[in-house]
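Coordinate analysis (summary)
Letter by letter, the chains look like this.
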Number of protein chains: 2
Amino acid sequence: MSKGCFEVKATDLLGRVGRLYTKSGTLDTPALLPVVHPINQEIDLNTIKKIGFKAVMTNAYITLKRLGEEASKRGIHSIIGFDGIIMTDSGGYQVLEYGEVDVTPAKMALFQEEIGSDIAVVLDRPTGFSRNRAFAEQTVKETLKAAKETIEARKRGDTLWVGPIQGGLFTDLVAESARSTSTLPFDLHALGSPTEVMKSYHYRHLVKMIMAAKTNIPLNRPLHLFGAGHPLTMPLAVALGCDLFDSASYILYAKDDRYLTPTGTLKLDEIAELACPCPICTQHTLNEIRVSEKAERIRLLATHNLYLLQSELKQIRQAILDGRLWEIVALKARSHPRLWSAFQDLTKYTKLLEDGTPLYKRRAIYLYTKEDLRRPEVQRAVAKLRRDYHPKKKHTLIIFTLLSEERVLATPFCRRLLEEVEDHQLLYLSPIYRLIPMELTEIYPLSQTLYPSSLNNLPTQTLHNEAKRIIEEGGYKQIVAVCLNKHLHAKLATLAKRLNIKLLDYCRRGSKGQKEAAEEVLRTIHAAP
Amino acid sequence: MSKGCFEVKATDLLGRVGRLYTKSGTLDTPALLPVVHPINQEIDLNTIKKIGFKAVMTNAYITLKRLGEEASKRGIHSIIGFDGIIMTDSGGYQVLEYGEVDVTPAKMALFQEEIGSDIAVVLDRPTGFSRNRAFAEQTVKETLKAAKETIEARKRGDTLWVGPIQGGLFTDLVAESARSTSTLPFDLHALGSPTEVMKSYHYRHLVKMIMAAKTNIPLNRPLHLFGAGHPLTMPLAVALGCDLFDSASYILYAKDDRYLTPTGTLKLDEIAELACPCPICTQHTLNEIRVSEKAERIRLLATHNLYLLQSELKQIRQAILDGRLWEIVALKARSHPRLWSAFQDLTKYTKLLEDGTPLYKRRAIYLYTKEDLRRPEVQRAVAKLRRDYHPKKKHTLIIFTLLSEERVLATPFCRRLLEEVEDHQLLYLSPIYRLIPMELTEIYPLSQTLYPSSLNNLPTQTLHNEAKRIIEEGGYKQIVAVCLNKHLHAKLATLAKRLNIKLLDYCRRGSKGQKEAAEEVLRTIHAAP
């Protein structure tokens, strides 16, 4: 067990770009490990490597059954012919399929060490999709027991060990499994068996499962999601904190004549043309692929599928570095209505998502629909303004609605006012951030937010409450209200009356004559006693 | 001028998959024509061809200036070394840049015919981004004059001729230009100069411009959009009825070290890794591209950009064939907030979009946000139910809210009711389609619609009005209301009282015991006198 095998380079939401150090090299995360059969490889490992995969996953249990002790002599790298990083699963899948395997966790632990696995997995007992709680409890218990036996049995110091988390549909059991397993000295954790959840499009449950696991393991241990390497789910899962994926989907789909696209899978006979620019799709015509022999067709489709998956993963890494992960998750969520529901669920974890979201991004944030108002950047800024902003004492408060789509400081209205304003507090209504004091307008992301005019986050009551606090703290003698909506204006009028503050009303809509509008406001101020 | 040069194979919204017949071959549309310089080609035409482009655009005016009459002898195909389809622009761009050119439209018409252009463009007078209405009017007038002179001058019968539409920011002028130009015998039309509109992200104006042109030209003439080949705008423009694009962006971006992605452009130094699976990005490392000589870097970036554009275009064609164009436009619109606003504007043209949208699709439609409720399929079905559905006379109306997310006919509740129900009308509330009579549930797309549970299109007043009509026409003796919301229930109660119909109330929420719920409803019915 190595210490400090994982380094985080950048984060966004709960997603992170990291680096996993193994005895066979380093792996940039998030990463997808294609699943390869240890003996009958349908896709040449050199092809997989050429596509850019530095790590693969194979099955130690099948290796043991087929090659026996010979495997220990040859080593898994030589057996599958791959000099990169090899993660081995240890028969859990076979347990799920056949109910039982004829080896012990301790035996599988030693065997994985002997064959030189870089990342080894406890022989766990997957919960699968069972709706039987007693069974689920049993699998969690047995998985923990196997984890302990594995920790006991292992001998090498350079294998990374994965502690599996089970519980399936029962998220309280997933949480319990994560808590108990993570007390053991594992290097990584892996969440079991979302495959069936995904197959049936239960993405909302996937969100719950991942959060139950993620919030109960240490942040410095990468989280692997078993069997979940799919273009639709990876962005969501990464945003929730998953670092590693494995998937056999590329080959399973290929065997079923299915072609991965960025927004889902298409049957080969539904495709009109090969839209993908990968080497397979640019060097072959659709018809060539259709009429090729079964084995060759599988090879072509699987290779394309791998190119597509690799491309998706790189886009996710780029999105984290650009601070755009939210945008990519939301964009992808428009691939299936159930994925959109899952994205809506993700937006409810604002507090947790905020932890990984940088305070400053080099790029403006883009908002589209009401879901985006729950972006950590927005929620954080709104909360911070409410909590930390305390106005200086001034004579006059000028509170105004933006008169055009320009950046507030660039508007002729504000430029003119700022020339003269000294003892005045300028406060403007932003559809997204509610009330922004002019002196904070350049603070990220207040002026670095792009949104459609349809998006509006201005509930009158909340606005009024916040305005009230500022007005009370600022101790103003008069308020000049410019182009406020009538509800807010009425509320401010009542407040001003109660506090015995003079309220001057002024409205001149439209983008024309902004400078004149400013002059008029200045006259209004100067004319006041 | 050929007749019937354009065939439409499939449509969705105003978008269409078509085929344009030219003397140098057929072109599948929507298509993008890369712009190539007639003399100094930075990207080898064989590369462009290999990427799958069957047509390119080049500049006849520059050809005339640089090669003079020699060009007529050699022919444009030999000059640029391309045996595919060549469209020639004729100096309009130079007019826009320099105000004037020293040839007449008639001269340019004959020259384009002489050099063997397959698709030739009138030497027009582009409006550009001018805010001067008098100038815009002038350009429209001069463009029409040039169009007439071109029609007069042309001699060959096998050149396809493009009638340009100008007007720029003034959509009424665009409409007028489209109307007047389309009275002339052109084969195609082209809308001028959206480039600057796009550069400044004025996508909302682009929607208006295209609609002004599209609704004023005959449907059987393809519409070309000058200089608008960009991954972000093409889906939107295709949905609005554009069939052809040309673009020099692939090379202009490359010269500026910019890399196209499906969601926008990135500067080369902002990229962390090459996420694209195209041959350039899989055969080169990012660093190789970064450190290569300027000319080579331009070649690599431009080639990647072309692969990306071709891929995007093929995805659009596939989306039309799959009946998913709306979904792709909406998904892409999440690349920039201003594009989202433009998408929202597009949704207001439901009536026009409906014309091209097939009555039946092999695939379910996917809805996500309120904008999607304006999909032609949804609007059409809601209108059709309201207009064309007339209930048979029955004794009892059972009106119910869906008790689970299953397909309505598959729910135990409905299965049980349908066993016994004969003289009863079953009517259920669908969050999307409002009121659906059970006998119509299998009509497309009523049961072929997937949507998140957050989406709801059930305004109580509208529901009540529609229920009222059905109740009055059905002449029921009694109504059994199952799990209706209390507002609707109260309205129905008032209505039932007025019409002297017995209203039985029944509510049992949750998915459990649906069959029991059905039994109870049946008992309620049988117990009634």
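For the structure, see preceding data.
First things first, this report covers the structure right here in the doc.

1. A short note on the relation of the copies chain B and chain A
Superposition record for chain B on chain A: RMSD 0.1 Å, screw rotation 180°, translation along axis 0.0 Å. Both chain copies can therefore be described as sitting about a two-fold axis. If distances are taken from each C-alpha of chain B to the rotation axis, the shortest is found for cysteine 278 of chain B, at 2.3 Å.

2. Points about the packing of helix H10 (residues 203-214) of chain A against helix H17 (residues 337-346) of chain A
All names here are of chain A. Two numbers describe how H10 lies on H17: the axes approach to 7 Å, and their chain directions differ by 30°. When the axes of H10 and H17 are compared, the pair comes out roughly parallel. Residues Tyr203, Arg204 and Val207 of H10 pack against Arg338, Leu339, Ser341, Ala342, Asp345 and Leu346 of H17. Of the residues belonging to the contact of H10 with H17, the class tally is 5 nonpolar, 1 polar and 3 charged.

3. Here we look at the pairing of strand S11 (residues 244-247) of chain A
All names here are of chain A. Because side chains alternate across S11, one face comprises the buried residues Leu244 and Asp246, and the other comprises Phe245 and Ser247, equally buried. Bridge analysis of strand S4 (residues 31-34) against S11 gives 4 bridges, and the strand direction is parallel. From the neighbouring strand, alanine 31 faces S11, where its bridge partner is leucine 244. As paired strands, strand S10 (residues 223-225) and S11 are joined by 2 bridges and run parallel to one another. Counterpart to histidine 224 in the pairing with S11 is leucine 244. In this fold, the crossover linking S10 to S11 by way of helix H11 (residues 234-239) has right-handed handedness.

4. Section: helix H16 (residues 325-333) of chain B
With 9 of 9 residues buried, H16 of chain B lies mostly within the body of the structure. Every buried residue of H16 of chain B is accounted for by Leu325, Trp326, Glu327, Ile328, Val329, Ala330, Leu331, Lys332 and Ala333 of chain B.

5. Some remarks on unusual backbone geometry
Residues and elements named next belong to chain A. Cis peptide bonds are those with omega within 30 degrees of zero, and the linkage from tyrosine 444 to proline 445 qualifies with 0°. With respect to the helices and strands, the residue proline 445 is situated in the loop between strand S17 (434-437) and strand S18 (449-450). For arginine 434, which is not glycine, the phi torsion reads 70° and is therefore positive. Locating arginine 434 in the fold gives a position in strand S17. We classify arginine 434 as buried; its relative accessible area is 12%.

Reading guide: rules and limits
- Residues numbered from 1 in each chain as written.
- Chains lettered and ligands numbered in written order.
- Predicted model: local features only at pLDDT ≥ 70, side-chain atom pairs only at ≥ 80, totals over all residues.
- Heavy atoms only, no water.
- Least-squares fit on C-alpha atoms with pLDDT ≥ 70 in both.
- Axes fitted to C-alpha atoms, helices over the stretch in contact; angles between N-to-C directions.
- Helix = DSSP H or I, 4+ residues; strand = E, 2+ residues; numbered from the N terminus.
- Parallel < 35°, antiparallel > 145°, perpendicular 65-115°, else oblique.
- Contact = heavy atoms within 4.5 Å.
- Nonpolar A, V, L, I, M, F, W, Y, C, P; charged D, E, K, R; others polar.
- Buried < 20%, exposed > 50% of the residue type's maximum accessible area, 1.4 Å probe, protein only.
- Pairing = 2+ DSSP bridges.
- Right-handed = clockwise from strand over helix to strand, strands pointing away.

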